[in-house]
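A look at the structure
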Amino acid sequence: MAPIIGIDLGTSNSLCAVFEEGQPKLIPNAHGSYLTPSIVSISEDDRVLVGAAAKECRITQPERCAWVFKRLMGTERKVEIEGQTFSPVEMSSLVLKSLKEDAETYLGQEVSDAIITVPAYFNDHQRNATKQAGELAGLKVRRIINEPTAAALTYGFHDRGAEKKLIVIDLGGGTFDVTAMDIFEGTLEIISTAGESMLGGEDFNDRLLSWALSSQNLQLEQTEVKQPLLFSRLRQECEAAKCALSSETEATIRIPNQQGEIDQNSITLTITRDKFKELVDPLLKRLARPIARAVRDSRIPPEEFTDVILVGGATRMDIVQSFVRTFFGVEPKCSFNPDEVVALGAAVQAALIQDDRAVEDMVMTDICPFTLGTEISKDFGSRHADGYYLPIIHRNTTIPVSREEVVCTAHPNQRHVTVNVYQGEARKVEDNLFLGKLEIKGLPPGPAGKHVHLRFTYDMNGILEVEAYLPETGKKYSLVLTQHANLSSDKEIKSAVQKLQKLKFYPRDDVKNQHLVRYAERVIGEVSPFQREELEAAIDFFEQSMASGEREWFESARESLLFALSALNFDYREDLEN
């Protein structure tokens, strides 16, 4: 069986791994290093350079280089190199192609399949762009998985007998993620996640760079354009100073001349650890918000997490470790190299997909990192206002999942409904990400308020099925969104959609449940007025549970209604048998 490689496509560095001989193993590149800088350069003779060679060109010929393009994934922005324009997808594909070639050299055979990791907080467009980059590089992307999940797989693989509650702090070169999870009996259960896709080690570099330039009365933006060699060399100096401050109380930054040269007459600045902390304090505060959200959504108090795991090269900074230590009150853990742990976890995920015997006792569950919902209008007295967001699958819901909500027509004789599908957390749809729309036509005429049942079903392959049901006519309409589905053929997608049907639960269509509601409604007319309110509440709760399609809620509501009837001396089960 051909191996599936695991790839960590990073903002600053990328690397890949493979699962062999019962272990995940890193794959070296042509230079013998595991880390390949995520930098692309076009030489003067039009050769494409990727990795270490391109990183050297970033200092001497920055106008011929592109980097940090991972942050542009999923956008329409372009990357320009010497008058030529490229999309972020094209840039990323060149890095992936380099990793693919390194893997083929190491393994001695062709590589066609890969697992690629992305920040947990990447949206639908960003994940789709990552998949496209893989395909452009000649890879079949078997699955897109979240970087903190991959990191936890590495820890879970090597300590699968443990029972722990983990929080993964993943600060890379350009992105930041926080994920809470539970490990028990070989099962890794993702509970919650949060993050920022525009926060990483590069931002800490920029703070130092801006400080150094301002000390020379220079501006960040103008210097990059007018004095590119000075800018690129100074950025290298600032990055080195940032790394040094993790072990030293102060570091020096040498200011190059306009040609990017540093000599014995160059101006030298001294930056202390305290001053650096002052400069980056706004960034540390930005770290706090996603951490607090992930902890809050997990419903686990910070002090109850067994381990706090650091992932990503930027977590090596002493100020980041100190911040995490203070927030959780425990010493953060870094048993594996933070630069390498994600790629190793991607290889473990590849082994899970290939049913490798070494991981047969491991199980992983994942979550939907973003809320999925639809646009609705709200009634404000005499007028309707459009553009409001109705969540149907909430963020951090374990997948696969199927959820239902009931909406109503807004106008008399409304014959048409458009179900606009969005992803995000904002109150209004204009601030969320549009995914697609489902058109429902031919509604029978009548008063406003006709019910439309909307069901969202989402799986680990990234497939979202949107279904609308009209109880008045019995008609169903459906839409399948596969923007970032980790499946390459129509046959695979069709098979996955068929599996989604098994997730759906329609208790409202069961004659027995309809009979129970009618029975309870009849009982209302026979009980004391003082008992009516409690029974009505139980019936309302049961009807809501049937509309939701959630098994646990439905079973609980059904038992509550039966108990309420029994407390009033009405035994539904016995009456049903008689």
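This write-up is about the structure you can find in this document. No experiment lies behind these values; they were computed from the predicted model shown.

Cut-offs used in this document
Residues numbered from 1 in each chain as written. Predicted model: local features only at pLDDT ≥ 70, side-chain atom pairs only at ≥ 80, totals over all residues. Heavy atoms only, no water. Axes fitted to C-alpha atoms, helices over the stretch in contact; angles between N-to-C directions. Helix = DSSP H or I, 4+ residues; strand = E, 2+ residues; numbered from the N terminus. Parallel < 35°, antiparallel > 145°, perpendicular 65-115°, else oblique. Left-handed = near helix turned anticlockwise from the far one by under 90°. Contact = heavy atoms within 4.5 Å. Nonpolar A, V, L, I, M, F, W, Y, C, P; charged D, E, K, R; others polar. Buried < 20%, exposed > 50% of the residue type's maximum accessible area, 1.4 Å probe, protein only. Polar contact = N/O pair within 3.5 Å; in protein donor to acceptor, adjacent residues only side chain to side chain. Pairing = 2+ DSSP bridges. Phe/Tyr/Trp six-rings, centres within 6.5 Å; stacked < 30°, edge-to-face > 60°.

**A short note on the packing of helix α2 (residues 88–107) against helix α3 (residues 124–136)**
For the pair α2 and α3, interaxial distance at closest approach is 8 Å and the crossing angle is 50°. Regarding the angle of α2 to α3, the classification is oblique. Regarding α2 and α3, the two cross each other, and that crossing is right-handed. For the pair α2 and α3, the contacting residues are V89, E90, S92, S93 and L96 in the first and A129, Q132, A133, G134 and L136 in the second. Tallied by class, residues from the contact of α2 with α3 come to five nonpolar, four polar and one charged.

**Focus: the side chain of R71**
Position of R71 relative to the elements: it lies in the loop between β7 (65–67) and β8 (79–81). For R71, a relative accessible area of 14% corresponds to the buried category. A polar side-chain atom of R71 sits 3.1 Å from the main-chain carbonyl oxygen of G174. Here D203 takes part through its side chain, which lies 2.3 Å from a polar atom of the side chain of R71.

**Observations regarding the sheet that holds strand β17 (residues 307–311)**
Taken in spatial order, the six strands line up as β17-β12-β13-β14-β18-β21 in an open sheet, and their pairing is mixed. The open sheet has two free edges, formed respectively by β17 and β21 (397–399), since each of these has just one partner strand. The mean inter-strand angle of the sheet, taken between neighbouring strand axes irrespective of direction, is 30°. Alignment of strand β13 (residues 176–184) against strand β14 (residues 187–196), held across nine bridges, turns out to be antiparallel. In the sheet register, D177 faces β14, and the bridge partner there is G195. Here helix α8 (residues 273–298) sits on the sheet in contact with β12 (164–171), β13 and β14, set at roughly 145° to β14.

**Description of the packing of aromatic side chains**
Geometry of an aromatic ring pair is reported as the spacing of the ring centres plus the angle between the planes. Summed over all chains, the structure comprises nine aromatic pairs. Centroid distance F323 to F327: 6.4 Å. Interplanar angle 40°. Geometry classified as tilted. Here F323 and its partner F327 are both found in helix α9 (residues 318–328), four residues apart, which amounts to about one turn of the helix. With a centroid separation of 4.9 Å and an interplanar angle of 55°, the aromatic rings of F327 and F328 are classed as tilted.

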